[in-house]
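Chains, contacts and geometry: an overview
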Amino acid sequence: MNASLRALAIAEWRGLPEKFPSPDRWQETADVLPKLMQRLGLKERLHETEIIDAWSKIVGDFIAAHSAPVALREGILYVRVLQPALHYELEQISKAAILRKLKQRFGSKTIREIKFRVG
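The rules we used
- Residues numbered from 1 in each chain as written.
- Predicted model: local features only at pLDDT ≥ 70, side-chain atom pairs only at ≥ 80, totals over all residues.
- Heavy atoms only, no water.
- Patch = residues over 30% accessible without salt bridge, like charges linked within 9 Å, V, L, I, M, F, W, Y side chains within 5 Å.
- Areas by Shrake-Rupley, 256 points an atom, 1.4 Å probe, with all protein chains shown as cover.
- Salt bridge = Lys/Arg side-chain N within 4 Å of Asp/Glu carboxyl O.
- Buried < 20%, exposed > 50% of the residue type's maximum accessible area, 1.4 Å probe, protein only.
- Helix = DSSP H or I, 4+ residues; strand = E, 2+ residues; numbered from the N terminus.
- Contact = heavy atoms within 4.5 Å.
- Expected span 1.5 Å × (residues − 1).
- Bend = angle between axes of the 7 residues up to and from the residue.
- 1 Å grid on protein atoms, 1.4 Å probe; cavity = no way out; pocket = protein on both sides within 12 Å on 5 of 7 lines; lining within 4 Å.
- Points joined across faces, edges and corners; volume = space filled by probe spheres on them.
- Nonpolar A, V, L, I, M, F, W, Y, C, P; charged D, E, K, R; others polar.

**Points about a nonpolar patch on the surface**
The grouping of Val-32, Leu-33, Leu-36, Leu-40 and Leu-42 at the surface amounts to a nonpolar patch, some 420 Å² of accessible area in total. Using a relative accessible area of 31% as the deciding quantity, one classes Val-32 as partly exposed.

See below:
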């Protein structure tokens, strides 16, 4: 018997259209979670938190005491520096080494550049 004919006969007999069961949309959490984090912009925030936690290990205690990563946006890490002299030191001398260590630890796709700001 034709499915549409069957549906029509049942709808006529019941007085209501036949409801078809919805397809099973079950997905594994491991498959859904990364996509959800990406859509909500949480993946970058997770990297941001990891970088903040690892900052003192990467740059050392003295620099970590006078600077702090503030944000990670589109691969650019923004770092607040307390003193202009330290800003100069980081920007001109240590930037390449710090960037290399960050890329080594978090990957070159996560961090492409560092911008230091006094404040």
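**Some thoughts on the side chain of Glu-48**
With respect to the element layout, Glu-48 can be found in helix α3 (residues 42–59). Exposure remark for Glu-48: the relative accessible area of 9% places this residue in the buried category. If sequence neighbours within four positions are ignored, Glu-48 has contacts with Val-70, Ala-71, Leu-72 and Arg-73.

**Observations regarding α3**
With 18 residues, α3 should cover 26 Å at 1.5 Å per step; its first-to-last C-alpha distance of 25 Å lies within 8% of that length. Of all the bends found along α3, the most pronounced is centred on Asp-53 and spans about 45 degrees. Every buried residue of α3 is listed here: Glu-48, Ile-51, Ala-54, Trp-55, Ile-58 and Val-59. Lining the buried residues of α3 we find α4 (61–66), β1 (67–73), β2 (76–81), α5 (84–106) and β3 (113–118). One or two positions beyond α3, positive phi appears at Gly-60, with a value near 100 degrees.

**As for the layout of surface pockets**
Approximately 190 Å³ is the volume attributed to the largest pocket. Every residue lining the largest pocket is listed: Gln-38, Gly-41, Lys-43, Glu-44, His-47, Leu-72, Glu-74, Gly-75, Lys-109 and Thr-110. In terms of residue count, α3 provides more of the lining of the largest pocket than any other element does, three residues in total. Looking at the lining of the largest pocket residue by residue, the classes come out as one nonpolar, five polar and four charged.

Honestly, that's just the spatial picture; any functional story needs more than this.
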